[in-house]
There are 2 protein chains.
Amino acid sequence: MAFTAPSETLSGSIATDLRAQIARGEWASGDRLPSEHQLAEIYGVSRATIRTALQDLESRGLTVTRRGVGTFVTGRVSGVRADLRELASLSETIRSHGRTPEAVYRSILLRQAETHELASLQLEEGDEVLATERALTADGETVAFSHDLIPARHLGPDFSTTEVTGSLFAVLEAHGVRAVSAVTDIHAVHDPDLGWGERPTDPTYLLLSQLHFDQDGVPVALAHTHFVEGRFHWSLVRHR
Amino acid sequence: MAFTAPSETLSGSIATDLRAQIARGEWASGDRLPSEHQLAEIYGVSRATIRTALQDLESRGLTVTRRGVGTFVTGRVSGVRADLRELASLSETIRSHGRTPEAVYRSILLRQAETHELASLQLEEGDEVLATERALTADGETVAFSHDLIPARHLGPDFSTTEVTGSLFAVLEAHGVRAVSAVTDIHAVHDPDLGWGERPTDPTYLLLSQLHFDQDGVPVALAHTHFVEGRFHWSLVRHR
DNA sequence: TGGTGGGGCATGTCAGACAAGCTACGACGG
DNA sequence: CCGTCGTAGCTTGTCTGACATGCCCCACCA
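How each quantity is defined
Residues numbered from 1 in each chain as written. Chains lettered and ligands numbered in written order. Predicted model: local features only at pLDDT ≥ 70, side-chain atom pairs only at ≥ 80, totals over all residues. Heavy atoms only, no water. Helix = DSSP H or I, 4+ residues; strand = E, 2+ residues; numbered from the N terminus. Polar contact = N/O pair within 3.5 Å; in protein donor to acceptor, adjacent residues only side chain to side chain. Contact = heavy atoms within 4.5 Å. Least-squares fit on C-alpha atoms with pLDDT ≥ 70 in both. Buried area = accessible area lost by both parts, 1.4 Å probe. Salt bridge = Lys/Arg side-chain N within 4 Å of Asp/Glu carboxyl O. Pairing = 2+ DSSP bridges.

All names here are of chain B. Turning to its location among the elements, arginine 134 is positioned in strand E5 (residues 128-138). Here aspartate 148 takes part through its side chain, which lies 2.7 Å from a polar atom of the side chain of arginine 134. In this structure arginine 134 touches Ala103, Val104, Tyr105, Ala144, Phe145, Ser146, Asp148, Gly166, Ser167, Leu168 and Trp196, once residues within four positions along its chain are discounted.

See the structure below:
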C-alpha cells in the first residue's frame, strides 16, 4: 500500500489515500465503500483510525455514511474544478488539472505596511511587508491577478526580493513558515482598469481576499486574488 | 445540560453544543478547550464520542487540535458574515443577522423541464418542474435575485403553486423533502439587465449555482442565486 | 397474498489501555 | 549565575474488544 501524500497522522494519510481514490474515479457515484471493519483489515489499522479517516471524507462532502447501512460515495465533485474548501497552492491546483502554471511578477518590493493593513496582519506602525503583484497563468493564459502581502518578520533579516519566484506558499516555506488555513472573503468585481498585460475582454473577476495563518494562528500573509471569470472554476460542497 | 439543536447522533449534538458555545463567545480566540478526558466527564460520554465531536469542529475550521497539547479555538469566523460552508436557508441566515427577510416572488409556474436542465436534475424528457423567480430582501433591501427549479415529482400530485411562499427549503420540507447538501459553483457576473424592481446601481453579482441533494443523493432542486455585491458577505475558512 | 418477525450486517458508543508528542520544571554541570 | 538536559505529567493518537442500535432482506406464518 502506497500513500500518495504525506500526512502527520495515520488516519490523515488514510484519508488522503481514500480521497485520491475517489478523485481518480475508482469509486463511482453511489458506490458503497467497504465497511469500516473491512477497511480496517485492508489498511491494517484499527476501526477507530478508519472512522477518523471516514469522518474527514464526510466533512468534505465526498461521502455520506448512514448508520446500519454503510458509507456511500457522493462523487459529485467534478475533476476539472477546484474545491474552494481545499487550501492549496494555486500553481499546484493548475498543475493537477494538467496545465502548466506560471507566476509572472509585475512588482516586488519591501515597504512599510499601510495603516489599513496593520490590523489584519497584527502588525505595528512602521513594520515592513513584502508586497507583490503577480499574474498567474495556465498554459500562458492569464487566470488571475494577485496582490499579496507578507510581513517581513517572517522572511528573516537576510531576505532578498530576488528570491521571490513562483508560488506564495513556496516563498513562505523557504523561510520555514507553513500556511495551513485561511479566512476567505468572496466578492464579485467588475473593473476595466484591473489587471495588466493581456487583459480579458470581460473585466469581471471573482475576488478571494484571504488572510493566511500558520498552525499557531499567527497571520502570515494577506492575499487578494482576482480570478478572471470563466477561466477558473471554483466549487464546493455545502452541508447542513 | 441542554443541547440547543437536535441531531441524529450523540456526538452530533455535542458538536452543535460546542459550536454554539463558540458562536456565543464563551471561548475566546486562542483559548484551549478542556481536554478530551475532561469533556468526556462534563458531557458524561466516552472519549471516543468527544473525539468525533471535536473532529467536526476542526473540519469547520473552528478549532485546531495539536497532539500532546490540546485543542484551541481559532474563533476567526466573524459573526456578521455567512459561512459559505454552511448550507442554511437564506431567510434563516438573514434573520440570524438581526434583519428581517422576505421573499418577493416575481413568477411561479409549473412547466416542462428544458433540455439543458434534464441531466443535472436526473429528469427525463417531458418531466415537469416548478420554476420560480424570487427577489430576496433584508429589511426591504434587495439582497439577491434567485431562479429556482424543483422537479414536480417531489411535490406530489395535489401540489398548487399558491402554496409557494418564503424559503425554497420550506416548500421542499412541506412535502417531506429535506435538502441536506449542495454542490455549488461560484461565479462573478456583471449584467445590467439582471434583476427587476429596485435594481442596484452596480449590476455586479456573486452567483451561486447550487444543485441540492437529499440525504440519499437524489437531486431535489437547482438554484441560481445572484447576490448583489456589497449587500451580502460570504466567507469561509479554507484548510490544507 | 401479505405482513411480520428475526438474523445478519452496518455504524454509533463505550471502556480501558498503551504509544507518542509537548510543556514545565528541577537537577546538574559549566 | 546561567544554560542544558532529563524526566514527570499532561495532552492527543491509536488499539482492542465489546455492546447498543438502526437497516435490509428473507423466511415464515396467518
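And the narrative resumes.
With that settled, the discussion passes to the relation of the copies chain B and chain A. With an RMSD of 0.4 Å, the operation that places chain B on chain A is a rotation of 180° combined with a shift of 0.1 Å along the axis. Given the turn and translation reported, the copies of this chain are related as if by a two-fold rotation axis. Residues of chain B ranked by C-alpha distance from the rotation axis are headed by alanine 188 of chain B, positioned 2.5 Å from it. Counting the interface residues of chain B, we find that 98% of their copies in chain A are interface residues as well, pointing to one common contact surface.

The next point concerns the interface of chain B and chain A. Opposite the 47 residues of chain B that make contact, chain A presents 46 residues. Regarding the contact of chain B and chain A, the summed buried area is about 4,400 Å², with carbon and sulfur atoms giving 45% of it. Applying the counting rule to chain B against chain A returns 0 salt bridges. If you look at where chain B meets chain A, you find 8 residue pairs in polar contact (both at pLDDT 80 or more). Among the secondary structure elements, those contributing two or more residues to the side of chain B that touches chain A are helix H3 (47-59), strand E1 (63-66), helix H6 (168-173), strand E7 (181-190), strand E8 (204-213) and strand E10 (234-239) of chain B. Here strand E10 (residues 234-239) of chain A runs beside E7 of chain B; their pairing, made up of 6 bridges, is antiparallel. Looking at the pairing, histidine 239 of chain A lines up with serine 181 of chain B of E7 of chain B.

Read these as spatial facts, not as claims about activity.
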